[in-house]
Structure formats: structure tokens, C-alpha cells
Amino acid sequence: MLKHAPEPASAATRLRPSLFAAVRNFAYRAAGIDLQEGKQLMVAARLWKRARAHGFPTADDYFAAVQRDPGGALEIDLIDALTTNFTSFFREPAHFEFLRARILPQLRLRSSFPIWTAASSTGEEPYSIAVTLLEELGADAGRRARVLASDISTKVLDRASAGIYPEERFRSLPPDWRRRYLLRGTGEQAGNYRFRPEVRNLIQFQRINLMESLPLEDRFPLIFLRNIMIYFDRPTQARVIAALTEKLEPGGYLFLGHSESLNGISHQLDHIQVAIYRKPGEWGA
Ligand SMILES: C[S@@+](CC[C@H](N)C(=O)[O-])C[C@H]1O[C@@H](n2cnc3c(N)ncnc32)[C@H](O)[C@@H]1O
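Residues numbered from 1 in each chain as written. Predicted model: local features only at pLDDT ≥ 70, side-chain atom pairs only at ≥ 80, totals over all residues.

Student: Looking at this model, I keep getting lost on the domain arrangement of the chain. Mind explaining?
Tutor: Where the parts come together, the accessible area they lose is often given as the size of the interface. Splitting the chain by domain gives domain 1 (11-82) and domain 2 (94-278). Here the C-alpha centroids of domain 1 and domain 2 sit 29 Å apart. Listed per partner, the contact involves 7 residues of domain 1 and 11 residues of domain 2. If you tally residues by element for the side of domain 1 that touches domain 2, the top one is helix α5 (residues 73-82), at 3 residues. The class makeup of the residues in the side of domain 1 that touches domain 2 is 4 nonpolar, 1 polar and 2 charged. (Domains from an automatic or database assignment. Contact = placed C-beta atoms within 7 Å. Helix = DSSP H or I, 4+ residues; strand = E, 2+ residues; numbered from the N terminus. Nonpolar A, V, L, I, M, F, W, Y, C, P; charged D, E, K, R; others polar.)

Pasting the structure below:
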């Protein structure tokens, strides 16, 4: 095991411009993430943390090893470290109200339908969708609906598929919601809650990098692509929207984050309301 060099007092000031440029290039190529100059501090801190975790004496040595391992565990680990995973249950609640009031009355007439959340982070978004489905469709949700939750980060997908969250994550939600959809942890899990199997069983987790060709046969009546476009530059946004438009059914909806829009990129979707877009065409049966 290599001895760790002590972390410099100010790692950011020690990140050579050429190393920052190389990491920036790596993040763009691997994940489409556009790390602006203002992200230097964040990049330096995360690079040092991963270098130390893997036993490398310097950030340069660590990054050189990442580059010798394209597609390997070191590369995936660094992508995990450079992505921003903030999320919460029922984030931007207007979308869940739109799903409940405008979309599910149509979808419930079908024998089956899939919903895709394409940057699902630690799972709060797909679990919020699954709970909305159970609230509206009851036991039928399990027979008819399926939620595909994908992300580039294997670390967040592992946490999401476990479905375990500390109690404070649920504070703003109705107490009877906890009783119906969660199991209280005991022993080592005291203070945590886990989603009940009927909620977890609605969701499938899969690593999908939106920069690569999409490994999906389905077309979806609804895709969540929320709070990820802000990390992409315009050409990347345009490419991702074109690829996801292909995966939408005619008449299908795309949700972006509330601070995101398709202004400035060419696309084929109709704007319905803030951060909600629809592909022209009729709903399938
Ligand atoms: C800020 S979170 C958004 C979570 C959730 N959609 C929400 O709105 O609360 C952004 C997520 O995008 C994921 N991400 C970044 N680049 C990606 C890519 N190229 N392909 C797929 N997911 C990516 C990150 O790993 C992160 O979990």
C-alpha cells in the first residue's frame, strides 16, 4: 500500500491548469458534463479524495491511472465522483400533480405502460413516481406500470436500488404516506426507512450513459429528464433531446427540471407548460 501524501491545505491552488483541463476534457467526453472554470475547487477536492481512497500519492498519478483504464472501474468511479446527485422526494411537485391529474387518467386505460426517469440519482424521483402510481392505480399499478430508473453513476444506482433512506428525508411528506409505503428499520437500521416491496418491485434500475446509444427497445409515454440538462452544453443538450425524442411515443411527455428549458436548441416537441414538453401525435392505446 502506498503511503498517502498529506492533502495540501489548498488542493485547488495546487491543481495545475493542465490537469484541470485534462479532467474537464475527460468529464465532457465520458459523461457530457461541462465543468466550467468555476468548478476548479470542486474538481480539486473530489480528485484528491478519490486519489487518496485508491492509494495514489498525487492527483496526477491517480488521473494517469484513470486514463490507462478506459471504461474500467477507476474511470466509472471518477465519473461517479464528478457528477452532482442532489435530489429529493416529490421535487418540483407540479410534475407529480400533472402526472396524477393529466397523464394517469389516460395511461390507466392501457394494459401496461413504462415510465422512464433518465437521471434518477439516488432514487427519490423513481420512488416518488412509484408512490404516485400506487396512490392512483392501487394494486393495478403492480400489474400495469413499470418504472425504469437509470443514471450514469453506479454508486447512486446502488443506493437507489437498496431503497433505504434516513428518516429526515421524509420529513416534509404526509405521515400516513410513511405508514403505507415504508418499513421502519430496527437494530443497525434504526433511524432508516425502507420502501415496501410493492413499491420497490415497480422499479427497475439500469446504468445508462446518455452520451451513448440508448440500449432500450421501449418507447415511453413519459420521460423524466430533470435537473441534468444544466450540466450539458448546448450541442450535448441537442443530441440528448433528439435521442430521447426518439424514445418518446407520439403524444408522449418529457419533463425537464423547472429551471431548464429547450430554448435555444432545435427540437420537435410542443411546449405545454413550464418544463413540460409533448411529442406531437396521438396517444397509443
Ligand atoms: C442533479 S441529479 C438529478 C436527479 C433527479 N432527476 C432530480 O431532478 O432530482 C443529476 C443526475 O444526472 C446524472 N448524470 C450526469 N451525467 C449523466 C449522463 N451522461 N448520463 C446519465 N446520467 C447522468 C448524475 O449522475 C446525477 O445523478
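Past the structure itself, the notes keep going.
Student: Explain the packing of helix α6 (residues 94-107) against helix α7 (residues 124-137) here, please?
Tutor: To describe two helices that pack against each other, one gives the angle between their axes and the distance between the axes. In contact at an axis separation of 10 Å, α6 and α7 are set at 45° when each is read in the N-to-C sense. Judged on the interaxial angle alone, α7 and α6 are oblique. Considering how the two elements wind past one another, α6 and α7 form a crossing that is right-handed. In contact with F96, L99, R100 and L104 of α6, α7 contributes S128, T132 and E136. In the contact of α6 with α7, the residues fall into 3 nonpolar, 2 polar and 2 charged. (Axes fitted to C-alpha atoms, helices over the stretch in contact; angles between N-to-C directions. Parallel < 35°, antiparallel > 145°, perpendicular 65-115°, else oblique. Left-handed = near helix turned anticlockwise from the far one by under 90°.)

Student: When you look at the sheet that holds strand β2 (residues 145-151) in this model, what are you seeing that I'm missing?
Tutor: Strands pair in a sheet through their backbones, by hydrogen bonds, and they do so in one of two ways: parallel or antiparallel. The strand order across the open sheet formed by 7 strands is β6-β2-β1-β7-β8-β10-β9, and the pairing between neighbours is mixed. Edge strands, defined here as strands with exactly one partner in the open sheet, are β6 (203-207) and β9 (270-273). Each adjacent strand pair in this sheet contributes to an overall mean axis angle of 20°, direction not counted. Here strand β1 (residues 113-117) pairs with β2 via 5 bridges, running parallel. Bridging across to β2, T117 finds its partner in A149. (Pairing = 2+ DSSP bridges.)

Student: What exactly am I supposed to notice about α6 here?
Tutor: Side chains three or four residues apart in an α-helix point the same way, a direct result of the helix having 3.6 residues per turn. In this model α6 runs 18 Å from its N-terminal to its C-terminal C-alpha over 14 residues, within 8% of the 20 Å that 1.5 Å per residue would give. In α6, a bend of some 35° at R100 exceeds every other bend along the element. Buried residues of α6: H95, L99, I103, L104 and L107, and no others. Of the surrounding secondary structure, the elements contacted by the buried residues of α6 are β1, α7, β7 (220-225) and β8 (248-256). (Expected span 1.5 Å × (residues − 1). Bend = angle between axes of the 7 residues up to and from the residue. Buried ≥ 20, exposed ≤ 12 C-beta atoms within 10 Å, placed from the backbone.)

Student: Would you explain the site of the ligand in this entry?
Tutor: Around the ligand sit 24 residues, and of these T83, T87, A119, S121 and N227 come closest. Tallied by class, residues from the shell around the ligand come to 10 nonpolar, 10 polar and 4 charged. Inspection of the shell around the ligand shows a minimum of three residues originating in each of domain 1 (11-82) and domain 2 (94-278). (Near = placed C-beta within 6 Å.)

Student: Hey, could you run me through helix α12 (residues 234-246) in this one?
Tutor: Taking 1.5 Å of rise per residue, the 13 residues of α12 would be expected to cover 18 Å, and the 19 Å separating its terminal C-alpha atoms lies within 8% of that figure. By the burial criterion, the buried members of α12 are Q237, V240, I241 and L244. With its buried residues spanning 100° around the axis, α12 presents them on a single face. Those residues of α12 that are exposed and angled more than 90 degrees off the buried face are P235 and E246. Those residues of α12 that are buried lie in contact with β7 and β8. (Arc of directions from axis to C-beta.)

Student: Can you help me understand the nonpolar core in this one?
Tutor: Nonpolar side chains in soluble globular proteins tend to be buried together. Judged by nonpolar contacts, the single largest core of 50 residues is most densely connected at A130, V147, I223, L225 and L254. Of all the elements, α7 adds the most residues to this core, at 6 residues. If near-sequence neighbours (up to four positions away) are discounted, L225 is found in contact with A118, A119, L244, L254, F255 and L256. Counting 21 residues, the second-largest nonpolar core is a separate cluster that includes V23, A51, A59 and V66. (Core = buried A, V, L, I, M, F, W, Y, C linked by C-beta atoms within 7 Å.)

Student: Before we go on, may I ask you to explain the pairing of β9 in this structure?
Tutor: It is a general feature of regular strands that their side chains alternate between the two faces of the sheet. Where β9 and strand β10 (residues 276-278) come together, 3 bridges link them in antiparallel fashion. Note that in β10 the partner of H271 across the bridge is Y277.

Student: It is not clear to me how unusual backbone geometry should be interpreted in this structure. Could you clarify?
Tutor: For residues other than glycine, phi is negative in most cases, and the peptide bonds are mostly trans. Here E92, not a glycine, exhibits a phi torsion of approximately 55°, which is positive. For E92, a count of 19 C-beta atoms within 10 Å puts it in the partly exposed group. A positive phi angle, near 60°, is found at N227, a position not held by glycine. When you line up the elements, N227 lands in the loop between β7 and α12.

Student: What am I meant to see in the sheet that holds strand β5 (residues 192-195) here?
Tutor: Reading across the sheet, the 3 strands line up as β3-β5-β4 and stay open at both edges, with antiparallel pairing between neighbours. The outermost strands of the open sheet, each flanked by one partner alone, are β3 (164-166) and β4 (182-184). On average, each strand axis in the sheet is tilted by 35° relative to the strand beside it, whichever way the strands run.

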